[in-house]
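# Observations on the model geometry
Chain residues, written in single-letter form:
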Amino acid sequence: MAVALLTSCGKSLSGAGGEVTGVRSVAFNEPSPYGMVLIKRGSFEMGPADKDSLWGINPETKGVSFDAFWMDETEITNAKYRQFVYWVRDSIIRERLADPAYGGNDLFKITEDRYGEPVTPHLDWSRPIPWKRANEDELRAIESVYYVHPITGEKRLDEKQMVYKYEWYDYTGAALRKNRLDPGERVRNTDIQVDMNEVVMISKDTAYIDDDGNIINETLTRPLSGPWDFLHTRIVNVYPDETCWVNDFNNAYNEPYMRMYFQHPGYDDYPVVGVSWEQATAFCVWRTDMFKQSLNFPAGQAIPPADRRRMGICRPLRKERKQIPLVVRRTSERQRLLHGKLQTRKRELYRRRSPDSIPRRLFRPEPVRLV
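It should be emphasised that the depicted structure is a prediction, and the values quoted were computed from it without experimental measurement.

This part covers the overall build of the protein chain. Within the protein chain, the regular secondary structure consists of 11 helices and 12 strands. The long-range share in the protein chain, meaning contacts at least 24 apart out of those at least 6 apart in sequence, stands at 60%. For the protein chain, the exposed area adds up to about 27000 Å²; of that, 52% sits on carbon and sulfur atoms.

Here you go:
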């Protein structure tokens, strides 16, 4: 008793003096993504609001709650989706620039960290693609993603090569007790005898490109072998279907839209069309990954041009650029890239401007409806 009393009255118990106060996590303030609005968490009643007029039956409704999420203020425009397509194009070019078949420039891939330790090889987005001063091998890598139309002679991006691969981990499937590798962990009830020879079957989404260049997405059903069985893969061609203008509207003259709608700068702020559900999902995955990477850039690492444009570091509005002297603008932008500071003068000026001077968008935000 004396030892326990001395221990409890002394300072050997660190923290809150022996009291259970909990371990506090580090607070994190989620930044606002550009062009998006926050839909706060809430609840609603799902089901018909009025009773049946014919039979007088009161409908059954159920309460549904949802967590907060971010939604775009307007539709995804051609310019935003084109950024996704160009990111896929640039990633393919960088992969081929590092490929020995196209010269094998190892500088386009990072194979070790700053301390010289080996890491998983990944692309170095800080190294620009030599668009104007490319040697013979680099020019072959760049031109490999384009083709020339045999009739019109127009040089276009090869839509078939614009392929995006992404993976996701099924946390729910991996957490189920029936999917444990150890049979003894599958049942917590000690009164039930566990079958040690039971074969657990799982479904895994996998994807690959065959020898003919076709994308194969399939679901495999096989016995459980390890945690990698819950890592799913999908490959999607992300280029939008420009022919939907003539295929979905038979009685309209939409050939100009088919030829120019996605590529012409006059339609940059118009909603993108011809995007499938799989392509939209791939766009959301890419956008989420880009935003996560933008928040974790270490100091001193250059920011890729695509991220710089999205964050507003490269090209502020024309009126705002006139307010900043050229020397100051270039110096400040160079310092931000070197030190990894993502807060730009553009955002500061945008906050100071009066509401009347803010340019209006071509499309008004659609009202949020939860149905």
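Having seen the model, we can carry on.
Between its first and last C-alpha atoms helix α7 (residues 277–295) spans 28 Å; for 19 residues at 1.5 Å apiece the expected length is 27 Å, and the two agree. Looking only at α7, the buried set comprises Q279, A282, F283, W286, M290 and S294. The arc that holds every buried residue of α7, seen down its axis, measures 105°, which confines them to one face. Facing away from the buried surface of α7 by more than 90 degrees, the exposed residues are W277 and K292.

So, on to the packing of helix α2 (residues 78–97) against α7. Between α2 and α7, the least distance of the axes is 11 Å, while the angle of their chain directions is 80°. By the angle class used here, α2 and α7 are roughly perpendicular. On α7, the residues touching K80, Y81, Q83, F84 and W87 of α2 are Q279, A282, F283, W286 and M290. Grouping the amino acids of the contact of α2 with α7 by side-chain chemistry returns 7 nonpolar, 2 polar and 1 charged.

Let us now look at the side chain of T77. Looking at where T77 falls in the secondary structure, it is placed in the loop between β4 (69–72) and α2. In this structure T77 touches D268, D269, Y270, P271 and V272, once residues within four positions along its chain are discounted.

Quick look at the packing of aromatic side chains now. Evaluation of the coordinates by the stated rule reveals 24 aromatic pairs. A ring pair is formed by Y164 and Y166, whose centres lie 6.0 Å apart and whose planes are at 25°; its orientation type is stacked. With a relative accessible area of 6%, Y164 lands in the buried category. In this structure Y166 comes out as buried when scored by relative accessible area, which is 8%. Centroid distance Y239 to F262: 5.6 Å. Interplanar angle 75°. Geometry classified as edge-to-face.

As a further point, take a nonpolar patch on the surface. Judged by side-chain polarity, V37, F69 and M71 come together as a nonpolar surface patch covering roughly 200 Å² of accessible area. Mapped onto the elements, F69 comes out in strand β4.

Our next topic: the nonpolar core. Ranked by size, the top nonpolar core spans 31 residues in total, and within it Y81, F84, V85, M162, Y164 and V238 carry the most contacts. Of all the secondary-structure elements, those providing two or more residues to this core are α2, α3 (136–143), β9 (163–169) and α7. If you tally residues by element for this core, the top one is α2, at 8 residues. Contacts of Y164, omitting those with residues within four sequence positions, involve F84, W87, V88, R234, I235, V236, V238, A282, V285, W286 and D289.

The subject of this paragraph is the side chain of K204. Topologically, K204 is positioned in strand β10 (residues 201–209). The buried charged residue K204 lacks any salt bridge partner; its closest oppositely charged side chain belongs to D229, at an N-O distance of 5.6 Å. One polar contact links the side chain of K204 to the main-chain carbonyl oxygen of W228, over a distance of 3.1 Å. Residues in contact with K204, not counting those within four places in the same chain, are E218, T219, L220, R222, W228, D229, L231 and H232.

With that settled, consider the confidence of the model for the protein chain. Per-chain confidence: the protein chain averages 78 in pLDDT, with 75% of residues scoring 70 or above. Between residues 1–13, whose pLDDT stays under 50, and residues either more than four places distant or in other chains, the model counts 4 contacts. For residues 339–371, every residue scores under 50 in pLDDT, and the model assigns this stretch 49 contacts once sequence neighbours within four places are set aside.

All right, on to the pattern of salt bridges then. Within this structure, the stated rule accounts for 10 salt bridges. Of the charged contacts in the structure, one is a salt bridge between D72 and R287, with a shortest N-O distance of 2.8 Å. Linking D72 in strand β4 with R287 in helix α7, this pair joins segments that are 215 residues apart in sequence. In this structure, D229 and R222 form a salt bridge, with 2.8 Å as the shortest nitrogen-oxygen distance.

Rules and cut-offs
Residues numbered from 1 in each chain as written. Predicted model: local features only at pLDDT ≥ 70, side-chain atom pairs only at ≥ 80, totals over all residues. Heavy atoms only, no water. Helix = DSSP H or I, 4+ residues; strand = E, 2+ residues; numbered from the N terminus. Contact = heavy atoms within 4.5 Å. Areas by Shrake-Rupley, 256 points an atom, 1.4 Å probe, with all protein chains shown as cover. Expected span 1.5 Å × (residues − 1). Buried < 20%, exposed > 50% of the residue type's maximum accessible area, 1.4 Å probe, protein only. Arc of directions from axis to C-beta. Axes fitted to C-alpha atoms, helices over the stretch in contact; angles between N-to-C directions. Parallel < 35°, antiparallel > 145°, perpendicular 65-115°, else oblique. Nonpolar A, V, L, I, M, F, W, Y, C, P; charged D, E, K, R; others polar. Phe/Tyr/Trp six-rings, centres within 6.5 Å; stacked < 30°, edge-to-face > 60°. Patch = residues over 30% accessible without salt bridge, like charges linked within 9 Å, V, L, I, M, F, W, Y side chains within 5 Å. Salt bridge = Lys/Arg side-chain N within 4 Å of Asp/Glu carboxyl O. Core = buried A, V, L, I, M, F, W, Y, C linked by side-chain atoms within 4.5 Å. Lys, Arg positive; Asp, Glu negative; His and termini not counted. Polar contact = N/O pair within 3.5 Å; in protein donor to acceptor, adjacent residues only side chain to side chain. pLDDT = per-residue confidence, 0-100.

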